[in-house]
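# Results of the structural survey
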Amino acid sequence: MYRTHNCGELRLSHLGQTVTLSGWVQRTRDFGAMSFIDLRDRYGITQLSFNAETNPELLSKARELGREFVVQVSGQVVERSSKNTQIPTGEIEIAVAEVTVLNAAKTPPFTIEDQTDGGDELRMKYRYLDIRRKPVRDNLLLRNRVSLAVRNYLSEQGFAEVETPFLIKSTPEGARDFVVPSRMNPGEFYALPQSPQTFKQLLMVGGMDKYYQIVKCFRDEDLRADRQPEFTQIDCEMAFVEQEDILQTFEGLLKHLLKSIRNVEVANFPRMTYDHAMRTYGNDKPDIRFGMSFVELNAIVQNKGFVVFDAAELVVGIRVAGAANYTRKQLDALTDFVKRPQVGASGLVWVKYNEDGTIKSSVDKFYSDEDRAAIAAAFGAAPNDLMLILAGSANKTRKALSELRMHLGNALGLRKPDEFAPLWVVDFPLLEWDEDASRWFAMHHPFTAPKPEDLHLMADNLGAVRANAYDLVLNGSEIGGGSIRIHNRELQRQLFEILGFTEEEAQAQFGFLMNAFEYGAPPHGGIAFGFDRLVAILGGHETIRDYIAFPKNNAGRDVMIDAPANIDSAQLDELQLRVVPVQQKQ
Ligand code: ASP
């Protein structure tokens, strides 16, 4: 038997017992006559003590144990003379009577403790060592708890988990597919699913009624910080539902997770239209843990001779409470921030409501005391408040102001990881016009149903048609999104036509779905949650990579196994593939 207990288990109540533990040597402390070792496993750390007086031979053996050696020890549980209140086992130690080395270890390339000296890439390369560290291990265990809680809730609600295939067909909509060559069908390729969307809809046609799956999805997108080419979704679909049924069911899921994982109770989630979110926060996934909502100022500030404002489609600002004492330097830094190409504003106007009641601005030349008082009033400002204003074309300016708002939210510590502020964003536009491609794109995906009350706009005002789609937003992240689906063949055909598919293309790509709609498709709808992000937020962090056992780096590489990699020519031949060097490509 390797162990009677684990390394996180023993307490004062075990005093006097003879126990056996197995684990890794985290740290050795040698005091001549005494030596101590911290023995670690998944469950915790237990101190081992070796005493020269009682067992000199054993002490010299202990001195030979290097970091990360795997050892088995037996001995008695004794009370520690100097207790460690930081760990649950800190009141006891094992007076070791016997040690067996189960496996030696090379010196690890970084310190395997809560605080490590290892950089990101190094820890990714030796991820199996990183996983021994408590913070990483705790994240994986949290992930496990969240997935169990999801399964409990959904199965309680009558959902059945059904697996859908990974080797499917490439489709032109959405992101780029990862493709897999088929050996048995030379020249043909499977694609890895970007989501099980069409399959879950077919499960509804198949009468499964309530489906879910915690499932890997694959998107070959250009990598952005904190995006993974493979990621996990909680994918769900329900038949005979309207939007309200879905919102209720999945609001319940998030409430259940917040309660069971974080012991947080939240009130019913607010609902905000897409239009309102964009106008008030410049963002369709607003972080509503803090205010600084947008105030539009066109009516107040235009036609006073300041051409930047006069020429702007939109003049809009935010109020930063208590920040009127910002220095020139701080304001310049904010100006630099908004002028960064990623933010894209041309400048920043500030207005300070000073403590003495005076109101000053960076554009005093153009605005009288009364004008400035009117601006402050529009913001509902009080003494000590700072107002920051941007101007330009509406969409761009809202986006830039949203960046500034989030920047300040971070800088001022207003985005508290322990606070949870979920909301639904609803009434998204069905379609988005893409100037470059000069065509309509589905804002969610081509299977999303228009709102019935907007159907009459389909003929001549496509941009105004709202979708029966919804996003669940938590702390500034979209954690879930879905829609009521089209279940009518003719409407689905019409949508494909709007999206620029010919009848033949639509049939070739999605014929299986449209045909299925001819065999009694029930009304249905669903949602999918980004599981990695959800876990990260529940864990109080924003980096999803920390919550994935074996993540890819920012270049989409697995640096541990070194993938992607070349395959040998025999394998290529078998697949009837040829690698063409870049310079030979047309
Ligand atoms: N399949 C969609 C997605 O991955 C979610 C949904 O509509 O259910 O975004």
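Placed above this text is the structure.
Please read these numbers as outputs of a predicted model, since none were measured by experiment. (Residues numbered from 1 in each chain as written. Predicted model: local features only at pLDDT ≥ 70, side-chain atom pairs only at ≥ 80, totals over all residues. Heavy atoms only, no water.)

## A closer look at the environment of Leu102
The condition that has to hold: A run of DSSP states H or I qualifies as a helix once it reaches four residues; a run of E qualifies as a strand once it reaches two. Both are numbered from the N-terminal end. Any two residues whose heavy atoms approach within 4.5 Å at even a single point are treated as in contact.
Note that Leu102 resides in strand S5 (residues 92-103). Spatially, the C-alpha atoms of Leu102 and Gly23 are 9.2 Å apart, while their sequence positions differ by 79 residues. Excluding anything up to four places from it in sequence, Leu102 contacts Tyr2, Ser22, Val70, Val71 and Gln72.

## A word on helix H11 (residues 369-379)
Quick reminder of the rule: Relative accessibility thresholds used throughout: buried, under 20% of the residue-type maximum; exposed, over 50%; partly exposed, between the two (1.4 Å probe, protein chains only). The reported arc concerns the directions from the helix axis to the C-beta atoms and nothing else.
All of the buried residues along H11 are Asp371, Arg372, Ile375, Ala376 and Phe379. All buried residues of H11 project into a common sector of 140° when viewed along the axis, lining one side. Opposite the packed face of H11, turned more than 90 degrees from it, sit the exposed residues Asp369, Glu370 and Ala377. At its buried positions, H11 is contacted by strand S12 (295-296), helix H8 (298-301), strand S13 (314-320), strand S14 (349-353), strand S15 (359-361) and strand S16 (386-392).

## Side note on the packing of aromatic side chains
Note the threshold: The rule is short: rings of Phe, Tyr and Trp, with Trp giving its six-membered ring, pair when the centres are within 6.5 Å, and they are stacked under 30 degrees, edge-to-face over 60, tilted in between. Whether a charge lies above a ring is judged from NZ of Lys or CZ of Arg, which has to be within 6 Å of the ring centre and within 35 degrees of the ring normal.
Using the criterion set out here, one finds 17 aromatic pairs in the structure. Here the aromatic rings of Phe447 and Phe510 are separated by 5.4 Å at their centres, their planes lie at 80°, and the arrangement is edge-to-face. Residue Phe447 is found in the loop between strand S19 (439-442) and strand S20 (469-474), and its partner Phe510 is found in helix H14 (residues 503-516); the two are separated by 63 residues along the sequence. We classify Phe447 as buried; its relative accessible area is 5%. Residue Phe510 is classed as buried on the basis of its relative accessible area of 2%. The ring of Trp350 has Lys352 lying over it, and the distance from NZ or CZ to the ring centre is 5.2 Å. Its end group placed over the ring of Phe441, Arg439 keeps NZ or CZ at 3.8 Å from the ring centre.

## As for helix H5 (residues 197-205)
An α-helical segment advances 3.6 residues per turn. Residues three or four places apart therefore align on the same side. Among the residues making up H5, those that are buried are Gln197, Thr198, Lys200, Gln201, Leu203 and Met204. Lining the buried residues of H5 we find strand S9 (210-218), strand S10 (230-239), H14 and strand S22 (524-530). The first or second residue beyond H5 is Gly207, which carries a positive phi of 80°.

## Some remarks on the side chain of Asn283
Short version of the rule: Polar contacts here mean pairs of N or O atoms no more than 3.5 Å apart (in protein, one a potential hydrogen donor and the other a potential acceptor; neighbouring residues in sequence count only if both atoms are side-chain atoms).
Structurally, Asn283 is set in the loop between helix H7 (274-281) and S12. Among the polar contacts made by the side chain of Asn283, one reaches the main-chain amide nitrogen of Lys285 at a distance of 2.8 Å. Beyond its immediate chain neighbours, meaning those up to four positions away, Asn283 contacts Ala277, Met278 and Ser402.

## Here we look at the pairing of strand S4 (residues 70-79)
The condition that has to hold: When DSSP finds at least two bridges between two strands, those strands are taken to pair.
Note: strand S1 (residues 18-30) against S4, 7 bridges, orientation antiparallel. Residue Trp24 lies in a different strand from S4, and its bridge partner there is Val70. Pairing of S4 with S5, which is carried by 10 bridges, proceeds in the antiparallel orientation. Of the residues in S5, the one forming a bridge with Val70 is Asn103.

## What to know about the sheet that holds S10
Sheet strands pair by backbone hydrogen bonding; their relative direction is either parallel or antiparallel. What counts here: In this description, a line fitted to the C-alpha atoms serves as the axis of each element, helices being fitted only across the stretch in contact, and the angle between N-to-C directions of two axes falls anywhere from 0 to 180 degrees.
As summarised here, the arrangement of the 8 strands in space is S6-S9-S10-S22-S21-S20-S17-S11, forming an open sheet in which the pairing is mixed. Of all the strands in the sheet, just strand S6 (160-161) and strand S11 (271-273) have a single pairing partner and so form its edges. The sheet contact formed by S20 and strand S21 (residues 477-484) spans 6 bridges and is antiparallel. The partner of Ala469 across the bridge, within S21, is Ser483. Each of S9, S10 and S22 is contacted by H5, which is oriented at about 25° to S10, the strand it contacts most.

Fair warning: the whole summary comes from geometry, so function is off the table for now.
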